[in-house]
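Structural features, examined
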Amino acid sequence: MQIFLDTAEIEDIRSRLDAGLVDGVTTNPSLIAKAGAGIFERVAEICDAVDGPVSAEVVATEVGGMVEEGKRLAAIAPNVVVKLPLTAQGLIACRTFAEAGIQTNVTLCFSVNQALLAAKAGASYVSPFVGRVEDAGGDGIGLLADIRQVYDNFGYETEILAASLRGPAHVEAAASVGCDAATIPPKVFDQMVAHPLTDKGLATFLKDWESTGRTGLD
Ligand code: G3P
């Protein structure tokens, strides 16, 4: 499964690249606003740092504006994925970009029907929002599983990018139901590696070795 960082904070991205575990980045207008940056400048900075897909979202709501903004975003770097809202206008824009060979991520997906339409419109990725489905009392992981089933039924190649993931258990569940990708906040990425029994076990190993008086090179 691909792992994307869901952030527009450039240092949060750079500081997590060394192990080669970060496959890409997703942003949205809220994250870029929080970072206090402009969309085009920040997307360019992220693309400089990351080779994989970088989702950059349009803020227009009409198809003409979406296509204009999306083309400008796509011109920043070859790894830009134009992110479009899952609206009727967004799906028309998605079709336009698909025909032009430009990658898209159709976001704010909350139902199987929406995901089905995104696939039919030629989306490269669809982003179901797990946490927000749960906030509304729904079954976010069930939604991922249902989309997986429908895509497999018909052989749709749109990749399922689980989004609005709030903790490590969400990431495990997204992987278990066969999502192609998960986008996660940097904090959740850090939580994925941590386990108290790893820390406890390591402390014991080091203490036992220290008692021998040898170094790691002896
Ligand atoms: O990728 C979408 C994500 O940023 C939304 O997450 O936690 O605001 O629902 P959240």
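Here is a short report on the structure shown in this document. (Residues numbered from 1 in each chain as written. Predicted model: local features only at pLDDT ≥ 70, side-chain atom pairs only at ≥ 80, totals over all residues. Heavy atoms only, no water.)

Take the layout of surface pockets next. Counted as a void, the largest pocket has a volume near 390 Å³. Lining the largest pocket we find 20 residues, and of these Asp6, Asn28, Leu31, Phe129 and Arg132 sit closest to its centre. Listed by contribution, the elements that provide at least two residues to the lining of the largest pocket are α2 (29–35) and β5 (104–109). A breakdown of the residues in the lining of the largest pocket according to their chemical character gives seven nonpolar, eight polar and five charged. (1 Å grid on protein atoms, 1.4 Å probe; cavity = no way out; pocket = protein on both sides within 12 Å on 5 of 7 lines; lining within 4 Å. Points joined across faces, edges and corners; volume = space filled by probe spheres on them. Helix = DSSP H or I, 4+ residues; strand = E, 2+ residues; numbered from the N terminus. Nonpolar A, V, L, I, M, F, W, Y, C, P; charged D, E, K, R; others polar.)

Here we take up the sheet that holds strand β6 (residues 125–128). Pairing in this closed barrel of eight strands is parallel, and the strands run β1-β2-β3-β4-β5-β6-β7-β8 around the ring. Ignoring strand direction, the axes of neighbouring strands in this sheet form an average angle of 30°. Judged from the two bridges that link them, β6 and strand β7 (residues 159–162) form a sheet pairing that is parallel. Bridge assignment links Val126 to a residue of β7, and that residue is Ile160. Here helix α4 (residues 63–74) sits on the sheet in contact with β3 (54–57) and β4 (80–85), set at roughly 160° to β4. (Pairing = 2+ DSSP bridges. Axes fitted to C-alpha atoms, helices over the stretch in contact; angles between N-to-C directions. Contact = heavy atoms within 4.5 Å.)

For the rest of this paragraph, the subject is α4. With twelve residues, α4 extends 16 Å between its outermost C-alpha atoms, agreeing within 8% with the 16 Å of an ideal straight helix rising 1.5 Å per residue. Listed as buried for α4 are Met66, Val67, Gly70, Leu73 and Ala74. Buried residues along α4 cover an arc of 130° about the axis, so they all sit on one side. For α4, exposure combined with an orientation more than 90 degrees from the buried face picks out Glu68, Lys71 and Arg72. (Expected span 1.5 Å × (residues − 1). Buried < 20%, exposed > 50% of the residue type's maximum accessible area, 1.4 Å probe, protein only. Arc of directions from axis to C-beta.)

When two helices pack together, their arrangement is given by the angle between the helix axes and the distance between those axes. Remark: helix α6 (residues 112–120) packs on helix α8 (residues 140–154), axes separated minimally by 9 Å, with the N-to-C direction vectors making an angle of 40°. As judged from the angle between their axes, α6 and α8 are oblique. The chirality of how α6 crosses α8 is right-handed. On α8, the residues that touch Val112, Ala115, Leu116 and Ala119 of α6 are Leu143, Asp146, Ile147, Val150 and Tyr151. Classifying every residue of the contact of α6 with α8 gives eight nonpolar, no polar and one charged. (Parallel < 35°, antiparallel > 145°, perpendicular 65-115°, else oblique. Left-handed = near helix turned anticlockwise from the far one by under 90°.)

Turning next to the packing of aromatic side chains. For the coordinates displayed, the defined rule picks out four aromatic pairs. When the centroid spacing of 5.8 Å and the interplanar angle of 75° are considered together, the rings of Tyr151 and Tyr156 count as edge-to-face. Taking relative accessible area as the criterion, Tyr151 reaches 1% and is therefore assigned buried. Their ring planes at 40° and their centres at 6.0 Å tell us that Phe154 and Tyr156 sit as a pair that is tilted. Residue classification places Tyr156 among the partly exposed positions, given a relative accessible area of 23%. (Phe/Tyr/Trp six-rings, centres within 6.5 Å; stacked < 30°, edge-to-face > 60°.)

Here we take up the environment of Thr87. Here Thr87 shows up in the loop between β4 and α5 (88–99). In sequence terms Thr87 and Thr61 are 26 residues apart; their C-alpha atoms lie 8.6 Å from each other.

Functional significance is not addressed by these values, which are geometric in nature.
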